[in-house]
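Examining the three-dimensional arrangement
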Amino acid sequence: MTADEISTIKEMPNNDYFVSGHGACPGCGVAIAVNNIMRILGSDTTVYVPASCLIVFSALYPTSAFRTPLLFTAFENTGAVITGIKAAQRRRGIEGTVVGIAGDGGTFDIGLQALSGAAERQEDVLYICVDNEAYMNTGIQRSGSTPFGAWTTTTPVGKVTQGKRQMKKDVMDLVIAHDPEYAATLSIAHYNDFIRKVEKAKHKSGFRFLHVLTPCVPGWRTEASKSVEIAKLAVETGMWTLFEYEEGEARSTYKPHTMRPVTEYLHMQGRFRHMDNDDLNTLQRWLCAKWYYHYGHDVEQPACAIYNGEKELHFDGDPLHGV
Amino acid sequence: MVMKALSADHAVAWGVRLAKAEVIPAFPITPQTLIMELLAEFISNGELDADLIPAESEHSVMSVAVGASAGGVRTFTATASQGLALMHEMLYAVPQNRLPIVMVNVNRTLGAAGGIWAEHNDSMPERESGWMQVYVEDSQEALDMTLQAYRIAEDERVLLPVMVCLDGFILSHTVEKVEVPEQGEVDAFLPAFVPRSSLDPSEPVMMNPIVPPEYTTEMRYQLDRAMDDSRNVVHQVDEAFKAAFGRGYGGLIDEYMMDDAEFALIVLGTAASTARAAVDELRAEGRKVGLIKLRFMRPFPHDELRRACSGLKALGVFDRSVSFNRYGPVFTEVSGSLCGSGVPITDHIGGLGGRDITVRDMRKVFSLIEASVEEGKVKRVYWHGLREAKG
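Residues numbered from 1 in each chain as written. Chains lettered and ligands numbered in written order. Predicted model: local features only at pLDDT ≥ 70, side-chain atom pairs only at ≥ 80, totals over all residues.

This paragraph deals with the environment of Glu120(A). All names here are of chain A. Position of Glu 120 among the secondary structure elements: in helix α5 (residues 112-120). Note on Glu 120: 16 C-beta atoms within 10 Å, which makes it partly exposed. C-alpha of Glu 120 to C-alpha of Phe 207: the two residues are 87 residues apart in sequence and 8.6 Å apart in space. (Helix = DSSP H or I, 4+ residues; strand = E, 2+ residues; numbered from the N terminus. Buried ≥ 20, exposed ≤ 12 C-beta atoms within 10 Å, placed from the backbone.)

Between its first and last C-alpha, helix α1 (residues 8-19) of chain B extends 16 Å over 12 residues, near the 16 Å set by a 1.5 Å rise per residue. Buried residues of α1(B): Ala8(B), Asp9(B), His10(B), Ala11(B), Val12(B), Ala13(B), Trp14(B), Gly15(B), Val16(B), Arg17(B), Leu18(B) and Ala19(B), and no others. (Expected span 1.5 Å × (residues − 1).)

Moving on: helix α9 (residues 302-309) of chain B. Residues and elements named next belong to chain B. If you check which residues of α9 are buried, you get Glu 304, Leu 305 and Cys 309. Looking straight down α9, one finds that the buried residues subtend no more than 115° of arc, so they occupy a single side. Looking at the buried residues of α9, the elements they touch are β10 (253-256), β11 (263-267), β14 (314-319) and α10 (329-337). Directly beyond the C-terminal end of α9, a positive phi value near 90° is found at Gly 311. (Arc of directions from axis to C-beta. Contact = placed C-beta atoms within 7 Å.)

So, about the domain arrangement of chain B. Residues and elements named next belong to chain B. According to the domain assignment, chain B consists of domain 1 (2-245) and domain 2 (253-383). Taken together, the 28 residues of domain 1 in the interface contact 18 residues of domain 2. Contributions of two or more residues to the side of domain 1 that touches domain 2 are made by β6 (132-135), β7 (162-167) and α7 (213-245). With five residues, α7 is the single largest residue contributor to the side of domain 1 that touches domain 2. The residue makeup of the side of domain 1 that touches domain 2, split by class, is 16 nonpolar, six polar and six charged. (Domains from an automatic or database assignment. Nonpolar A, V, L, I, M, F, W, Y, C, P; charged D, E, K, R; others polar.)

Reports of interface size often rely on the accessible area that becomes lost once the parts have come together. Listed per partner, the contact involves 37 residues of chain A and 36 residues of chain B. Contributing elements (two or more residues each) for the side of chain A that touches chain B: β1 (45-48), α2 (53-58), β2 (70-71), α3 (78-91) and α5 of chain A. At 10 residues, α3(A) tops the list of elements feeding residues into the side of chain A that touches chain B. Of the residues belonging to the side of chain A that touches chain B, the class tally is 18 nonpolar, 14 polar and five charged.

Next comes the structure, spelled out in structure tokens:
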């Protein structure tokens, strides 16, 4: 790492390239993430944003929240469009970062093919997935990223089924299968880690992928002031893990001392309020396996026994939970 | 100038090489693939300095093309049929952003009924996308229009993408004698592309944001006017091409034996050659027939057709595709332009799925056009060579 690289929040530049005045909800994890990413990437950046909350709240003609070049076209093509921009800029001798910032739907689902294409071709681009775990822009529909049990408008809490019945897709594993130059997961609650990874991605060349968990106030049914706290709990409970992949090796960049019960994370969000004991235990067991997968043998198995039933969360009859 | 024996696909590749396209996203699809294969050879031999980007689908091909063209370099791609359909969404991102991409579409039937042979039902639906569309008749025209297309597309008065359409197999895989111009001649005709605005961090622009209703109408109107203005540019570029290379194509339409014609046929693409041979035979028999080769579907030559068809006793349109229950698309467009002219028009649907169109077929078409006046009772549409179920 060179002397002029940013490594802690104290060194964070305050020159914004994603400026205020955009239309994101208060407490929006995407806005927090993108604001800080753009500070680090700086002025020599060209941004592509596919269909997503981000494009809608940042680029309503004739205004733009980005002070860098910005392009939008469609939903499923982030990996392809940034490929084309980079090819053109390389030929014209324009240096800098070409970045695509897509949501989870645009990455896990409809955009997976273009992502895989760009990664396989080892394009010299930065792909960032801001993951709020559902199609929030269209009104909270489930995606491949939505966690088990979560309420969305297409996984409603009904008499027969309650919430999403499948686990969250592991898109990092899919990306790592392409042996990218760099891939990392980020949390908006772990800033030094966040800064170091964006900085690293900026200065590498080749295909780079950053995956940021971005809490969504209306979609997760949370309070606007709690987004960072929720992001922190996601890591402490194993719902999110912080690691990076480079030179063929994955390694954890932050390891919680102990695994907090998942209910601490779920309690803060209306989207999980209906979950019964069976579903909670299913999710907790899955998290224990995931914890083992990420942190290895040397980690003591946390209290997965875990959900003791003291704080039962029952469906209260209101699918929106009135948050 | 060098004379070569080239298929239309290879002629296009030579055109792209001479035009010095810089970014070429590609995905294989029959009968387009020969274009990309030859371009890949040119690049790997160092004869063309370009990035061939093997994207993982046609949707991504057009997405790469949009990124590259927005990034400010001359961009080329080619596709056909299902590939064009997969691009459909992305086609619409190109004209409104005024990106002068040139794409060759090798016309092939869009399934089902599946097939790999010539039909125009792939490109005809895309005439609402804002792309210019030109249909070519032979390998020479395929090469020449690839060069002309860039000069038209990149003209400040136009700045629209151009789709050069050529008939699958009939042209794409058929070898003909082609004059390949010298690089110096092409450089003089087609200067380097200088984008008016592009994605460059030293001069940030926002392209293709979300547009509220307050502005959309005006943006659409600008595009409509650009398409209309392109008619003059098409003519001027054809004139300039003729002056430089000695070959001109007449701009939007090409008329044959129309001066004293009483009956005429409008055709697109390779069917023009067949129809021209039929006109020659019929003229030798003393029949006053003529031919209009409709070159551009967009911009549509409304004024040119009204002038060329005035005074005709009857007109036929040959369609290589059909809008079910609503005739062929060329017939509908021509009828719209000639509305009120008093010229009776019949539609002649044929060559679907690549079925051969012979001179004999074209003679039959002309006979039906002539009969459309004499009999008084006229069918609006004829399906040529149709084998109807008996009983």
